[in-house]
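Per-entry structural report
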Amino acid sequence: MREICTGGNYKYVISAYDEPIARVKPGEVVTFFTEDAFEGAVKTEDDLPCKVRGPWVNPQVGPIYIEGAAPGDTLAIHILDIQPGRSYGWSSLGRNFGGLVANPNTPMLNPPLEERMWIYQYQDGMMVHDSQLTFPWDPFIGTIATAPDKEAVRSDYPFRQGGNMDVSDVKPGNILYLPVSVDGAYFFAGDCHAKQGDGEVCGAAIEIAGKLTLRFEVVKGKALKNPRIESPEELICVGSEKPMEEAARIAYLELLDWMVELGWDRLRAYQCMSHEVKMYVGNIVNPRYSMVAKIKKSVACRAGRS
């Protein structure tokens, strides 16, 4: 296993315009440290967002150059493990950030929310603040992407090649599939979470530093439109857009396309999805929302039956 060192040099824009920090061969297992959303600035509960949040959030490790990846391919990221990068994580309330408050995109007359910070200690597989606010360690990668071919995307935005999706299925044991638009894929990851409910409604999960262990594979000649995830039991697709119904349509259509690739007639797949697909909100607080559609493999593999 190979460890990649960032030297503390994190990126806040996902693009192909920076020099790669490492080159990785397909099949190689790598591990690296990621910082939390405020790059380690939170030390106590007095460190309110207004005091420690800079102009950018979600520091990213990258870009990592994946050898052999080319435009039109798919990058398969095997998420092998996520370990805590330090003994605590945090969650917060921001003045104008969250699903139930006014924000710059939806201004209102009500005053800003009172800011708060909660520190959670990692103890025996739990994230513990007090007897009420105690949650199981259930980590995933909040921001993960390959670079687009021309534009640069902020690390707090989700987009068709991943980004800040905040999807809890991007977790150990699963495989994330992302489109490749540039030679080398230019892979980025960061913004790990110890625990998050659907939607990340207050604007912050339990934000953590993490130590990721990943393995990369390149699927040659397989072009995706949007992120896909494979778990041992399910096929999962992510759509990111605003309004929310557009994100849902993107996720549904990506899943339908996947079923067709498995041998389904398109309209029969559409009929099946109406009865079997589950959907949840990844994120409802980002500039684009992320919706997640999933179906059991046992159903998706019925292709050809009648």
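Heads up: these notes are all about the structure in this document. Note that the structure is a prediction, hence the values are computed from the model and not measured.

Definitions and cut-offs
- Residues numbered from 1 in each chain as written.
- Predicted model: local features only at pLDDT ≥ 70, side-chain atom pairs only at ≥ 80, totals over all residues.
- Heavy atoms only, no water.
- Helix = DSSP H or I, 4+ residues; strand = E, 2+ residues; numbered from the N terminus.
- Rg over C-alpha atoms; globule rule 2.2 N^0.38 Å.
- Buried < 20%, exposed > 50% of the residue type's maximum accessible area, 1.4 Å probe, protein only.
- Areas by Shrake-Rupley, 256 points an atom, 1.4 Å probe, with all protein chains shown as cover.
- Phe/Tyr/Trp six-rings, centres within 6.5 Å; stacked < 30°, edge-to-face > 60°.
- Pairing = 2+ DSSP bridges.
- Arc of directions from axis to C-beta.
- Contact = heavy atoms within 4.5 Å.
- Polar contact = N/O pair within 3.5 Å; in protein donor to acceptor, adjacent residues only side chain to side chain.

Moving on, we get to the overall build of the protein chain. Helices and strands together make up the secondary structure of the protein chain, namely four helices and 22 strands. For the protein chain, whose C-alpha radius of gyration is 19 Å, the value lies close to the compact-globule estimate of 19 Å for 306 residues. The C-alpha extent of the protein chain, read off along each of the three principal axes, is 60 × 40 × 40 Å. Counting over 306 residues, the protein chain shows a buried share of 53%. Per element, the accessible surface of the protein chain, about 13700 Å² overall, is 51% carbon and sulfur.

Tallied over the entire structure, the rule returns six aromatic pairs. Between Y120 and F135, the aromatic rings sit 6.0 Å apart at their centres with planes inclined by 50 degrees, giving tilted as the arrangement. Remark: F135 occurs in strand β10 (residues 134-136) and Y120 occurs in strand β8 (residues 116-123); sequence separation between them is 15 residues. Assessed through its relative accessible area of 5%, Y120 is described here as buried.

Okay, the pairing of strand β4 (residues 29-34) next. Note that strand β1 (residues 2-3) and β4 share two bridges and pair parallel. When the sheet's bridge partners are listed, E3 is paired in β4 with T31. Here β4 pairs with strand β18 (residues 210-219) via six bridges, running antiparallel. Its bridge partner being in β18, T31 is matched across the sheet by T213.

Within helix α3 (residues 266-276), burial applies to A269, C272 and M273. Around the axis of α3, the buried residues are gathered within 105 degrees of arc, so they sit on the same side. Exposed and oriented more than 90 degrees from the buried face of α3 are L267, Y270, S274 and H275. The inward-facing, buried residues of α3 abut α2 (244-261), β22 (289-296) and α4 (297-300). The N-cap of α3, judged by a side-chain oxygen 3.1 Å from the amide nitrogen of L267 a few residues on, is D265.

Distances and angles like these do not, on their own, reveal function.
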